[in-house]
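Listed here are the chains, written in short residue letters.
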Amino acid sequence: MLKGFFNVPKAVNEPVKGYTPNSPEKAAVLAAYKAMWNSKIDVPLYIGSEEIKTGNTRNMTAPHDHQHVVGTYHLAEKTHIEKAIANALEARTAWANMAWEQRAAIFLKAAELIAGPYRAKINAATMIAQSKNIHQAEIDASCELIDFLRFNVEFMTQIYADQPKSTSDMWNRLEYRPLEGFVYAITPFNFTAIAANLPASAAMMGNVVIWKPSDSQVFSAKIIIDVFKEAGVPDGVINVVFGDALMITDTVLASRDFAGIHFTGSTHVFKDIWSKIGTNIHHYKTYPRIVGETGGKDFVVAHPSANVKQVATGIVRGAFEFQGQKCSAASRAYVPQSMWPALKEQLITDTKSMKMGSPEDFSNFITAVIHEGSFDKLASYIDQAKAATDAEIIVGGNYDKSVGYFIEPTIIVTSNPKYTTMETELFGPVITIYVYEDANWAETLKLVDTTSEYALTGAIFSQDRYAIEEATVALQNAAGNFYINDKPTGAVVGMQPFGGARASGTNDKAGSALNLLRWVSPRTIKETFVTPEDYRYPFLGE
């Protein structure tokens, strides 16, 4: 075994490429997009060393052209999930005992593969599978994922270096063991980086994983699998399964060796899983770690002193980038009456200027929402607003699913601060604005804090430092990621650790050492150099 205290490469955030006209990166990603678009892939289950094709398949299609099939993926039966668990547990011994620097090298290599030879592929796959424009694909599938892998290695070494005090006659050590059992990772459609990070962060700390990607993200998940394999993740460490979510989850949670869940998805599903874990608690070897990031009803609050154009940009970027399908997306805004006429004009102008269509056309800012269920839900709320007496649509409001699931970026203005779309998570390019009286600034902050069950992200725009301080204190529990004079999206790994509380999750802060700490079970080791040989203490003397 190697000897030495090893320093890992200093983590730096991956620069975002511009994809400007005639740039090599634009040519590369369009070539990859065309090649993937014109071919079909068949994605098996990945269990241990096996690639299993069950024959029970589903098609993968692009949200912006839902009749175009780009591949199929195979669905697991219960026996496959049980086999995945067995393979993970079999792989655990060697993986948990592997020297940390060997694990680090695997994931550092994965980061470089994405930064180089896989960059165009993973971006193009994300554009096709999730209908992200190139900028959204680049900051997600490439930059954020690279950052997760690099910074998590650095965070891991920081954790290992945190050791207790010792004295001359005793040496105290803290060992950061992986969890006893396996970790279950459930990942969402909306971020390729999250899909990779949830299993990888647990695996990096020596755990084995059962990973279930979203059905709507399997196409780009396949690129992640290819990267991990080429980087050297051993067979059985990350087992990948697709299929009925309820069956898979129930089978996983029934195992005595279930040791933790790393989840991003809906609040309702997460609460159901938590309940099932509680029901099974007497069955498990250990108390499972429950880590989840769920929904959001994220806010923008403008103070009368705010810059109108800055507020407008924060709202339209925060609400409409990636069609509002970010847990952090702005979906409710509170603006003062004095600002509203100018802000309204700017919002309408900006929103009308946004082109919508396929992500292959780089002039399109807006593309499609993820699937028909999302489309129908959003359309119903838009129709409800059209018929409401206490709300009106000032821009957008049209939708069409004949070719792709296209929803126009839509701004609703309401006179009712408790209107449905001020409270309900929509997960689409729809934002609702409430115009408040300037004198009601303090009351509006209370309204913001109490309107939603969620507490993920929020933003305050103001040029008045007293107002900024007041809002920061008043909204301290309303958002786990709070932004001052910026949109409420775009957390960067290593800079803004991400996560919220209340119904938004356990706030275990992806993109920081706090998250990695959930995937270890520390053991304290005390070694005494000169061991006592008499039970008597000095106080017993005459």
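Residues numbered from 1 in each chain as written. Predicted model: local features only at pLDDT ≥ 70, side-chain atom pairs only at ≥ 80, totals over all residues. Heavy atoms only, no water.

Participant: Requested: an account of helix α3 (residues 100–115), with residues and values cited.
Facilitator: In this model α3 runs 23 Å from its N-terminal to its C-terminal C-alpha over 16 residues, within 8% of the 22 Å that 1.5 Å per residue would give. Taken together, the buried positions of α3 are E101, R103, A104, I106, F107, A110, A111, L113, I114 and A115. In this structure, the buried side of α3 is in contact with α2 (78–97), α4 (119–130), α5 (134–161), α6 (192–204) and α7 (218–231). (Helix = DSSP H or I, 4+ residues; strand = E, 2+ residues; numbered from the N terminus. Expected span 1.5 Å × (residues − 1). Buried < 20%, exposed > 50% of the residue type's maximum accessible area, 1.4 Å probe, protein only. Contact = heavy atoms within 4.5 Å.)

Participant: Run through α5, naming residues and quoting values.
Facilitator: Taking 1.5 Å per residue as the helical rise, α5 with its 28 residues ought to reach 40 Å, and the 39 Å between its terminal C-alpha atoms agrees with that figure. Of all the bends in α5, the greatest measures close to 30 degrees and is centred on C143. Counting buried positions along α5 yields 24 of 28 residues, so the element is predominantly enclosed. (Bend = angle between axes of the 7 residues up to and from the residue.)

Participant: Quick rundown of the layout of surface pockets? Include the residues and the values.
Facilitator: A volume near 1100 Å³ is recorded for the largest pocket. Contributing to the lining of the largest pocket are 32 residues, with F5, W100, E101, Y160 and Q163 lying nearest its centre. Only α2, α3, α5 and β6 (170–178) provide two or more residues apiece to the lining of the largest pocket. At eight residues, the largest contribution of residues to the lining of the largest pocket is made by β6. Tallied by class, residues from the lining of the largest pocket come to 18 nonpolar, six polar and eight charged. Of the voids in this model, the second largest pocket is the one considered here, and its volume is about 920 Å³. (1 Å grid on protein atoms, 1.4 Å probe; cavity = no way out; pocket = protein on both sides within 12 Å on 5 of 7 lines; lining within 4 Å. Points joined across faces, edges and corners; volume = space filled by probe spheres on them. Nonpolar A, V, L, I, M, F, W, Y, C, P; charged D, E, K, R; others polar.)

Participant: Explain the sheet that holds strand β12 (residues 298–302) residue by residue, including any values.
Facilitator: Strands sit in the order β14-β17-β18-β13-β12-β20-β21 across an open sheet of seven strands; the sheet is mixed. Unpaired on one side and paired on the other, β14 (391–395) and β21 (481–484) mark the two borders of the sheet. On average, each strand axis in the sheet is inclined to that of its neighbour by 20 degrees, with strand direction left out of account. In this structure, strand β20 (residues 457–461) lies alongside β21, joined through four bridges in parallel fashion. Within the sheet, the bridge partner assigned to T457 lies in β21 and is N481. Contacts from helix α12 (residues 372–387) reach β14, β17 (410–414) and β18 (430–436) within the one sheet, and its direction differs from that of β14 by about 110 degrees. (Pairing = 2+ DSSP bridges. Axes fitted to C-alpha atoms, helices over the stretch in contact; angles between N-to-C directions.)

Participant: Could you give an account of the domain arrangement of the chain, with specific residues and numbers?
Facilitator: What the domain assignment reports for the chain is domain 1 (25–294 + 505–525) and domain 2 (298–484). Computed over C-alpha atoms only, the centres of domain 1 and domain 2 are separated by 31 Å. Contact with domain 1, which involves 25 residues of that partner, is made by 29 residues of domain 2. When domain 1 packs against domain 2, close to 2300 Å² is buried across both sides, 63% of that on carbon and sulfur atoms. (Domains from an automatic or database assignment. Buried area = accessible area lost by both parts, 1.4 Å probe.)

Participant: Residues and numbers for the UniProt feature "domain: Aldehyde dehydrogenase" (unreviewed entry) in the chain, please.
Facilitator: With numbering matched to this structure, UniProt assigns "domain: Aldehyde dehydrogenase" (unreviewed entry) to residues 57–512. Taken as a whole, residues 57–512 contains 42% helix and 21% strand, while its terminal C-alpha atoms sit 37 Å from one another. (UniProt positions renumbered as here; feature names shortened; annotations may be inferred.)

Participant: Would you mind going over the pairing of β21 in detail, with residue names and values included?
Facilitator: Burial along β21 is one-sided: N481 and Y483 are buried, while F482 and I484, pointing the other way, are not. Assessed by its sense of winding, the connection that carries the chain from β20 through helix α15 (residues 465–474) to β21 is right-handed. (Right-handed = clockwise from strand over helix to strand, strands pointing away.)

Participant: Can you break down the sheet that holds strand β1 (residues 41–43) residue by residue, with the values?
Facilitator: Strand order in the open sheet formed by three strands is β1-β5-β4, and the pairing between neighbours is mixed. The open sheet is flanked by β1 and β4 (57–62), the only strands paired with a single partner. Neighbour-to-neighbour, the strand axes of the sheet open up by a mean angle of 40 degrees, direction not taken into account. The pairing of β4 with strand β5 (residues 65–74) spans six bridges and is classified as antiparallel. From the neighbouring strand, R58 faces β5, where its bridge partner is Y73. Where α7 meets the sheet, it contacts β1, β4 and β5, and its direction lies at approximately 75 degrees from that of β1.

Participant: If you had to explain the packing of α5 against α6 to someone new, which residues and values would you point to?
Facilitator: It is at 9 Å that the axes of α5 and α6 come closest, and there the two elements cross at 15 degrees. As far as their axial angle goes, α6 and α5 are roughly parallel. Crossing angle aside, the handedness with which α5 passes α6 is right-handed. Listed contacts from α6 to D140, A141, E144, L145, F148, L149, N152, V153 and M156 of α5 are T192, A193, A196, N197, A200, S201 and M204. Looking at the contact of α5 with α6 residue by residue, the class counts come to ten nonpolar, four polar and two charged. (Parallel < 35°, antiparallel > 145°, perpendicular 65-115°, else oblique. Left-handed = near helix turned anticlockwise from the far one by under 90°.)

Participant: Now, about empty space enclosed by the protein: what can you tell me, with residues and values included?
Facilitator: The method is simple in principle: a probe with the dimensions of a water molecule rolls over the atoms, and the space it marks as empty is what remains. On inspection of all chains with the given rule, the structure shows one cavity of 30 Å³ or more. Of the pockets and cavities examined, the largest cavity occupies roughly 70 Å³. Along its surface, the largest cavity is lined by 13 residues, and G296, G324, A329, S331 and F427 are the ones closest to its centre.

Participant: Please provide a residue-by-residue account of the pattern of salt bridges, values included.
Facilitator: Throughout the structure, instances matching the rule amount to 24 salt bridges. When the shortest N-O distance is used, the salt bridge between R150 and E112 registers 2.8 Å. In this pair, R150 sits in helix α5 while E112 sits in helix α3, placing the two residues 38 residues apart along the sequence. A relative accessible area of 45% means that E112 is categorised as partly exposed. Residues D257 and K285 are paired through a salt bridge, measuring 2.9 Å at the closest nitrogen-oxygen approach. In this pair, D257 is assigned in the loop between α8 (245–253) and β10 (258–264) and K285 in the loop between α9 (267–279) and β11 (289–293), connecting sequence segments 28 residues apart. Residue D257 is classed as buried on the basis of its relative accessible area, which comes to 17%. (Salt bridge = Lys/Arg side-chain N within 4 Å of Asp/Glu carboxyl O.)

Participant: An account of the side chain of E101 is requested, with residue identities and associated values reported.
Facilitator: By secondary structure assignment, the location of E101 is in helix α3. Excluding its chain neighbours within four sequence positions, the residues that come into contact with E101 are L2 and F6.

Participant: Describe the packing of aromatic side chains, naming the residues involved and giving the relevant values.
Facilitator: The full count for this structure, using the stated rule, is 18 aromatic pairs. Ring geometry for F151 versus F155: centroids 6.0 Å apart, planes at 40 degrees, classification tilted. Placement of both F151 and F155 in helix α5 is noted, with a separation of four residues, approximately one turn of the helix. The class of F151 is buried, set by a relative accessible area of 8%. The buried category is assigned to F155, whose relative accessible area is 9%. When the centroid spacing of 6.4 Å and the interplanar angle of 70 degrees are considered together, the rings of Y334 and Y434 count as edge-to-face. Highlighted residues: Y334 in strand β13 (residues 330–336) and Y434 in strand β18, separated in sequence by 100 residues. Accessibility classification places Y334 together with Y434 in one group, the buried group. Through a chain of ring-to-ring contacts, the aromatic side chains of F6, W100, Y160 and Y176 assemble into a single cluster. Lying across the ring of F191, K132 places its NZ or CZ 4.0 Å from the centre. Positioned above the aromatic ring of F322 is the side chain of K132, whose terminal nitrogen or guanidinium carbon lies 4.4 Å from the ring centre. (Phe/Tyr/Trp six-rings, centres within 6.5 Å; stacked < 30°, edge-to-face > 60°. Lys NZ or Arg CZ within 6 Å of the ring centre and 35° of its normal.)

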